[in-house]
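# A closer look at the structure
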Amino acid sequence: IFKMIDTAGIRKKGRVFESTEKYSVLRALRAIERSDIVCVVLNAEEGIQEQDKKIAGYAHEAGKGVIILVNKWDTLEKDNSTFKEFEENIRKEFLYLSYAPILFVSAKTKQRLIKIAPLLKEIHEVRSKRISSSILNDVLMDAIAMNPTPTDKGNRLKIYYMTQVAIQPPTFVVFVNDVELMHFSYERFLENRIRSAFGFEGTPIHMIVRQRK
């Protein structure tokens, strides 16, 4: 059973009074705080707005599951490249949401709306998934063998082990010899290897790097 929280539409700047706009954004932020999964609804006719990116960014930072819904897809004149171009633009504008599935829907004609509930269920399940430390560290060792840890001024990053410490969102602690040696790019590489091994579609992954004493 899902409890859906609808929010007032957040319109383009200048179309409504600023105070009303701020109230709409505040209501959306409060709804995100109460939610496990956020459906970010884009208007296919208007394209991606700055407010869309702000709300999606807040959901991501809050560790919520995310689905990107492109509404009013039925109203666009389309050719063979329209779908691909729109999807590529979404991925470009929402780089941090590479894990979020995209659905092109129509609230008016009910196009693809039936796919939302199964997707919500799937994301809820992966957000609650726990990975045993032994299996997780097998993946970690394979990742290091594929792409050795970075060095800085002659010092090499050593990763001792990784363990999952929380769910919703899945949160992992990585114990290393020096946290300063864990470059962002290598942390992203490890996240990608975890996703490749275990899925986690629709949810951010939190990774905490700690120095082993």
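Look up a bit, the structure's there.
This text gives an overview of the structure that appears in the document.

Reading the values: the criteria
- Residues numbered from 1 in each chain as written.
- Predicted model: local features only at pLDDT ≥ 70, side-chain atom pairs only at ≥ 80, totals over all residues.
- Heavy atoms only, no water.
- Pairing = 2+ DSSP bridges.
- Helix = DSSP H or I, 4+ residues; strand = E, 2+ residues; numbered from the N terminus.
- Axes fitted to C-alpha atoms, helices over the stretch in contact; angles between N-to-C directions.
- Contact = heavy atoms within 4.5 Å.
- Polar contact = N/O pair within 3.5 Å; in protein donor to acceptor, adjacent residues only side chain to side chain.
- Buried < 20%, exposed > 50% of the residue type's maximum accessible area, 1.4 Å probe, protein only.
- Parallel < 35°, antiparallel > 145°, perpendicular 65-115°, else oblique.
- Left-handed = near helix turned anticlockwise from the far one by under 90°.
- Nonpolar A, V, L, I, M, F, W, Y, C, P; charged D, E, K, R; others polar.

## Side note on the sheet that holds strand β6 (residues 159-166)
Two pairing modes exist for strands in a sheet, parallel and antiparallel, and in both the strands are linked by backbone hydrogen bonds. Taken in spatial order, the three strands make up an open sheet running β6-β7-β8, and their pairing is mixed. Each edge of the sheet is formed by a strand with only one pairing partner; in this case those strands are β6 and β8 (206-211). Neighbour to neighbour, the strand axes of the sheet diverge by 25° on average, direction disregarded. Here β6 runs beside strand β7 (residues 171-176); their pairing, made up of six bridges, is antiparallel. The residue of β7 that forms the bridge with Gln164 is Phe172. The strands touched by helix α5 (residues 133-146) within the sheet are β6 and β7, with β6 carrying the most contacts at an inclination of about 135°. Sitting on the sheet, helix α6 (residues 184-198) is in contact with β6, β7 and β8, with an inclination near 130° to β8.

## Overview of the side chain of Ser35
Relative to the elements of secondary structure, Ser35 occurs in the loop between α1 (18-34) and β1 (37-43). Looking at Ser35, its side chain comes within polar contact range of the main-chain oxygen of Ala31, at 2.6 Å. Setting aside chain neighbours within four positions, we find Ser35 in contact with Ile5 and Lys64.

## A short note on unusual backbone geometry
Both trends apply: most residues other than glycine have a negative phi, and most peptide bonds are in trans. In this model, Gln168 is joined to Pro169 through a cis peptide bond whose omega is 5°. Tracing the backbone shows Pro169 in the loop between β6 and β7. In this model, Lys72 sits at a positive phi of 65°, which is unusual for a non-glycine residue. One non-glycine residue, Lys110, lies in the positive phi region at around 65°. Inspection of the secondary structure assignment puts Lys110 in the loop between β3 (102-104) and α4 (116-127). What makes Lys110 exposed here is its relative accessible area of 59%.

## Focus on the environment of Arg130
Mapped onto the elements of the fold, Arg130 is located in the loop between α4 and α5. Once residues lying within four places of it in the same chain are set aside, the contact partners of Arg130 are Gln164, Ala166 and Ile167.

## Things to note about the packing of α5 against α6
Packing of α5 against α6 leaves a shortest axis separation of 10 Å and a crossing angle of 125°. The angle between α5 and α6 falls in the class oblique. As α5 runs across α6, the sense of the crossing is right-handed. On α6, the residues that touch Ile135, Leu136, Val139, Leu140, Ala143, Ile144 and Met146 of α5 are Tyr186, Phe189, Leu190, Arg193, Ala197 and Phe198. Of the residues assigned to the contact of α5 with α6, the class counts are 12 nonpolar, no polar and one charged.

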